[in-house]
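Architecture at a glance
What follows is each chain in one-letter form.
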Amino acid sequence: MARFIHPSLKDVPLASVLHALSDPTRLAIVRRLDEDRKGDADGLACNCAAPDELPRATMSSHFTVLRGAGLIESRKQGTMVINRLRRDEIDARFPGLLDAVLEAEAAPA
């Protein structure tokens, strides 16, 4: 069974978080996980959080980057991997960062 490594956010530099959020696909995943969190849900499977038609290997790579940057927490549930945005922890470590990035990304150019 695969074990996921979730870094402590105190060990994650801001540059790693910004790098993870710089990719449009990863940003879309974070946005979906944030919306899921607002609905008091328990997380989303990879295929529900990722944009449609994303190849499985590419999807896996994006989730690995997000997990390594401390943005998400993943757990096995049967054959699925359920992902949750670590919003409270991120907000405590980098206050206002996710709000600023998600709001800026949603604003028209």
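So, here is what we can say about the structure in this document. Small disclaimer: the values here were computed from a predicted structure and weren't measured. (Residues numbered from 1 in each chain as written. Predicted model: local features only at pLDDT ≥ 70, side-chain atom pairs only at ≥ 80, totals over all residues. Heavy atoms only, no water.)

As for the overall build of the protein chain
- Counting secondary structure elements, the protein chain contains six helices and three strands.
- From first element to last, N terminus to C terminus, the protein chain shows the α and β order α-α-β-α-α-β-β-α-α.
- Principal-axis analysis of the C-alpha atoms gives the protein chain an extent of 35 × 30 × 25 Å.
- In the protein chain, which comprises 109 residues, the share counted as buried stands at 39%.
- For the protein chain, contacts bridging at least 24 residues in sequence account for 61% of all contacts bridging at least 6.
- For the protein chain, the accessible area works out to roughly 6,500 Å², and carbon and sulfur atoms hold 53% of it.
- Taking the average place of the 15 positive charges on the side chains of the protein chain and the average place of its 16 negative ones, the gap between the two points comes to 7 Å. (Helix = DSSP H or I, 4+ residues; strand = E, 2+ residues; numbered from the N terminus. Buried < 20%, exposed > 50% of the residue type's maximum accessible area, 1.4 Å probe, protein only. Contact = heavy atoms within 4.5 Å. Areas by Shrake-Rupley, 256 points an atom, 1.4 Å probe, with all protein chains shown as cover. Lys, Arg positive; Asp, Glu negative; His and termini not counted. Charge placed at Lys NZ, Arg CZ, Asp CG, Glu CD.)

Side note on the pattern of salt bridges
- Applying the stated criterion to the full structure yields nine salt bridges.
- The closest approach of N and O atoms between Arg87 and Asp34, which form a salt bridge, is 2.9 Å. Within this pair, whereas Arg87 is found in helix α5 (residues 87–93), its partner Asp34 is found in helix α2 (residues 24–38), the two being separated by 53 residues in sequence. Asp34 matches Arg87 in its accessibility class, with the two residues each being buried.
- Among the salt bridges present, the one from Glu73 reaches Arg84, with a minimum N-O distance of 3.1 Å. (Salt bridge = Lys/Arg side-chain N within 4 Å of Asp/Glu carboxyl O.)

Quick word on the sheet that holds strand β1 (residues 44–45)
- In spatial order, the strands read β1-β3-β2; together these three strands make up an open sheet with antiparallel pairing. At either margin of the open sheet sits one strand with a lone partner, and together these are β1 and β2 (72–77).
- When β2 meets strand β3 (residues 80–85), the two strands line up antiparallel, connected through six bridges. Bridge pairing in β3 places Ile72 opposite Leu85.
- Strand contacts of α2: β1, β2 and β3, with the helix running at about 80° to β3, the strand carrying the most contacts.
- Here helix α4 (residues 56–68) sits on the sheet and contacts β2 and β3; the angle it forms with β2, its principal contact strand, is near 125°. (Pairing = 2+ DSSP bridges. Axes fitted to C-alpha atoms, helices over the stretch in contact; angles between N-to-C directions.)

What about the nonpolar core?
- Residues Leu21, Phe63 and Leu71 are the most contacted members of the largest nonpolar core, which totals 28 residues.
- Looking at this core, the elements with two or more residues in it are α1 (14–21), α2, α3 (46–49), α4, β3 and α6 (97–106).
- Those residues in contact with Phe63 that lie beyond four places of it in its chain are Ile29, Cys46, Ala49, Ala50, Ile72 and Asn83. (Core = buried A, V, L, I, M, F, W, Y, C linked by side-chain atoms within 4.5 Å.)

Notes on the state of the cysteines
- Under the criterion given, the structure shown has zero disulfides.
- Looking at the unpaired Cys46, the closest cysteine sulfur is the one in Cys48, lying at 9.3 Å.
- Here Cys46 falls in the buried class, since its relative accessible area comes to 18%. (Disulfide = S-S within 2.5 Å.)

Considerations on the pairing of β3
- Pairing of β1 with β3 involves two bridges; the strand directions are antiparallel. Each residue of the ladder has a partner; that of Leu44, found in β3, is Asn83.
- Between the end of β2 and the start of β3, which pair antiparallel, lie two residues, with Gly78 showing a positive phi angle near 65°.

Read these as spatial facts, not as claims about activity.
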